[in-house]
There are 2 protein chains.
Amino acid sequence: MKVLIVGANGQIGRQFVKLLSEDPHHTPVAMLRSEEQISFFNSLNVESVLVSLEESVQAIAAVMEGFDAVVFTAGSGGSTGADKTLLIDLDGAAKTIEAAQQTGTDRFLMVSAIHADRREQWGNEIAPYYVAKHHADNILRASGLAYTIIRPGALTNDPGSGKIQAGENLEGGPIPREDVAKVLLHALTSEHLHGKTFEVISGEEEIADALKRL
Amino acid sequence: MKVLIVGANGQIGRQFVKLLSEDPHHTPVAMLRSEEQISFFNSLNVESVLVSLEESVQAIAAVMEGFDAVVFTAGSGGSTGADKTLLIDLDGAAKTIEAAQQTGTDRFLMVSAIHADRREQWGNEIAPYYVAKHHADNILRASGLAYTIIRPGALTNDPGSGKIQAGENLEGGPIPREDVAKVLLHALTSEHLHGKTFEVISGEEEIADALKRL
């Protein structure tokens, strides 16, 4: 599959692009917002396209032509304010979804967050972020695209174990970003996950087996 | 009609509640977030209920039982940050819509903002606010409720003229809050406006006539 990774320069994005680049079945292209981000992807022999999520739907659609799938793993992150959460995590996602609809890019993977549908579990400080993720996910679910929404628990930089727990309603727990990237790779070609939303944390089961039972 | 006004203590809210309280066909109830806001409504002989838009859908639904209509004119305003824009203007609206669905309160008027569907017209500074309004409106349009979305131009505190221009795609222009309140009053019982979204600025036409042609 030819896969456009939106938010490729993020911590999950970089690991996922690297995995894809090592897989002979896939061709990743990194969507980046600035030229300084290109060198990492050049070193992986991965093509890049330059467009910011603050640009128009048309600008995003223009680089999306000819892809089989979009993986959205962009986020404004903790160092910017809630204004960027609105512009990137919510409306950047909405615009990417509209671009996918316009270009007929049917397969769409979204990196969301555990408990994004359970307002009662949103702590005060992180609640604005959850509002954006919750509604971005709802927009995707209403989009008519062949989506899969993946909601990891607390992200860590530990090495991946390749073993997870996956389900619709988990208590919570940590998961290495490396394992989230591996889950994305498995989910990408799993047709039974079209139209599904699931949570994922570190666990006891091989990724392929855990995803099979969803 | 028994009408719940969400954001009753706002500048449009207060004028709208006052208009409703003077109309023998309607009974307004002010939804307020703090006790200090009650005295104004007591002075109008208008009942108040206390619940914050940061509370749960269940808490909002609990005060919404038995109403015929909801008017959402709440906004976090310019003195708070974009975190409150996410929590109030977007998720507060979403929760109010869910509460209306749960309680069977079918009629729903939303005070939105001119150009909320046209990203190319969102200036940088106000763009985060527009993201919230745009997506709140989209949630309402997908809700199945008998909605009307009213998108005023630049709000002023001038006395209302009672004359407006209304349409789906206006250039822009000012409108007194008093006239927005009057538009809400007319729209409330206008069945032909169910399922409609329109923009409104000051103009040459009587409100009733301008709305009739939508």
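What counts and what doesn't
- Just so you know, the residues in each chain are numbered from 1, in the order the chain's sequence is written.
- Numbering of ligands from 1 and lettering of chains from A proceed in the order in which they are written.
- The model is predicted, so local features are restricted to residues of pLDDT at least 70 and side-chain atom pairs to those at 80 or more, both for listing and for counting; the totals for chains, interfaces and linings are taken over all residues.
- In computing side-chain properties, one takes all heavy atoms of the structure into account and sets aside hydrogens as well as water.
- At least two bridges found by DSSP between two strands is the condition for calling them paired.
- Each helix corresponds to a stretch of at least 4 residues labelled H or I by DSSP, and each strand to a stretch of at least 2 residues labelled E; elements are numbered beginning at the N terminus.
- Only protein chains enter the accessibility calculation, which uses a 1.4 Å probe. A residue is then buried if its area is under 20% of the maximum for its type, exposed if over 50%, and partly exposed in between.
- We call a crossover right-handed when, viewed with the strands running away from us, the connection from the first strand over the helix to the second turns clockwise.
- A least-squares fit on C-alpha atoms brings the copies together, and the residues used are those whose pLDDT is at least 70 in both copies.
- Throughout, a residue-residue contact means that at least one pair of heavy atoms, one from each residue, lies within 4.5 Å.
- UniProt positions are given in the numbering used here, feature names are shortened, and annotations may be inferred rather than shown by experiment.
- One speaks of a salt bridge when a side-chain nitrogen belonging to Lys or Arg is within 4 Å of a carboxyl oxygen belonging to Asp or Glu.
- Buried area, as used here, totals the accessible surface that two parts lose on assembly, with accessibility defined by a 1.4 Å probe and the loss added over both.
- For the purposes of these results, a polar contact is taken to be a pair of N or O atoms within 3.5 Å, where, inside protein, one atom must be able to donate a hydrogen and its partner to accept one; residues adjacent in sequence count only when each atom of the pair is a side-chain atom.
- Ten residue types, Ala, Val, Leu, Ile, Met, Phe, Trp, Tyr, Cys and Pro, are classed as nonpolar, four, Asp, Glu, Lys and Arg, as charged, and the remainder, Gly among them, as polar.
- Where helices are involved, their axes are fitted lines through C-alpha atoms of the stretch in contact, as for all axes, and angles between N-to-C directions lie from 0 to 180°.
- Our angle categories are set so that under 35 degrees counts as roughly parallel, over 145 as roughly antiparallel, 65 to 115 as roughly perpendicular, and the remainder as oblique.
- What makes a crossing left-handed is the near helix being turned counterclockwise from the far one by less than a right angle; a clockwise turn instead makes it right-handed.

(A) Layout of the sheet that holds strand β10 (residues 196-202) of chain B. All names here are of chain B. Pairing in this open sheet of nine strands is mixed, and the strands run β3-β2-β1-β4-β5-β6-β10-β8-β11 from one edge to the other. Where the open sheet ends on each side, the last strands, each with one partner, are β3 (47-50) and β11 (205-206). Note that strand β8 (residues 163-167) and β10 share four bridges and pair antiparallel. Counterpart to Q165 in the pairing with β10 is I201.

(B) Quick peek at the pairing of strand β6 (residues 146-152) of chain A. Residues and elements named next belong to chain A. Summarising burial for β6: seven of the seven residues are buried, a large majority. Here β6 shows no split at all, with A146, T148, I150 and P152 on one side and Y147, I149 and R151 on the other all buried. For the crossover that starts at strand β5 (residues 107-111), traverses helix α5 (residues 127-141) and ends in the parallel β6, the hand is right-handed. Alignment of β6 against strand β10 (residues 196-202), held across five bridges, turns out to be parallel. Across the sheet, the residue bridging to I150 is F198, located in β10.

(C) Quick look at the relation of the copies chain B and chain A. Overlay of chain B on chain A (RMSD 0.0 Å): rotation 180 degrees, translation along the axis 0.0 Å. Such a turn and shift between the copies fits a two-fold axis. Nearest to the rotation axis, the C-alpha of A82(B) is located 2.5 Å from it, this being the minimum over chain B. Take the interface residues of chain B: 100% of them recur as interface residues in chain A, which is what a same-surface contact looks like.

(D) Structural view of the UniProt feature "domain: NAD(P)-binding" (unreviewed entry) in chain A. Per the UniProt record, the feature "domain: NAD(P)-binding" (unreviewed entry) sits at residues 7-190 of chain A. The span residues 7-190 of chain A is 40% helix and 20% strand, and its two end C-alpha atoms sit 22 Å from each other.

(E) Looking closely at the pattern of salt bridges. A full pass over the atoms with the stated rule returns 22 salt bridges over all chains. When the shortest N-O distance is used, the salt bridge between E22(A) and K18(A) registers 2.9 Å. By relative accessible area, E22(A) is classed as exposed at 51%. Across the pair D117(B) and R151(B) runs a salt bridge whose closest N-O atoms are separated by 3.0 Å. Linking D117(B) in the loop between β5 (107-111) and α5 (127-141) with R151(B) in strand β6 (residues 146-152), this pair joins segments that are 34 residues apart in sequence. Under the relative-accessibility criterion, D117(B) is labelled partly exposed at 35%. If you follow the salt bridges from partner to partner, you end up with D117(A), D137(A), R141(A) and R151(A) in one network.

(F) Region of the structure containing the interface of chain B and chain A. In this assembly, 20 residues from chain B lie in contact with 20 residues from chain A. Carbon and sulfur atoms make up 71% of the area that chain B and chain A hide from each other, which totals about 1,500 Å². At the surface where chain B touches chain A, the tally comes to four salt bridges. Between D91(B) and R119(A) there is a salt bridge, and its shortest N-O distance comes to 2.8 Å. At the junction of chain B and chain A, the tally comes to six residue pairs in polar contact (both at pLDDT 80 or more). Only α4 (82-103) and α5 of chain B provide two or more residues apiece to the side of chain B that touches chain A. Here the element with the most residues in the side of chain B that touches chain A is α4(B); it accounts for ten residues. Of the residues in the side of chain B that touches chain A, the class split is twelve nonpolar, three polar and five charged.

(G) Region of interest: the environment of G77(B). Relative to the helices and strands, G77(B) resides in the loop between β4 (69-72) and α4. A C-alpha to C-alpha distance of 9.5 Å links G77(B) and I88(B), two positions eleven residues apart in sequence.

(H) Region of interest: the packing of helix α3 (residues 57-64) of chain B against α4(B). All names here are of chain B. At their nearest, the axes of α3 and α4 sit 8 Å apart, and the two run at 50 degrees to each other. By the criterion of interaxial angle, the relationship of α3 to α4 is oblique. Relative to α4, α3 is oriented so that their crossing is right-handed. Listed contacts from α4 to V57, Q58, I60, A61 and M64 of α3 are K95, T96, E98, A99, A100, Q102 and T103.

(I) Highlighting unusual backbone geometry. Residue and element names in this part refer to chain A. The phi angle at N45 is positive, at roughly 60 degrees, despite the residue not being glycine. If you trace the backbone, N45 turns up in the loop between α2 (38-43) and β3 (47-50). We note that H115 has phi near 75 degrees; this positive angle belongs to a residue other than glycine. In this fold, H115 is placed in the loop between β5 and α5.

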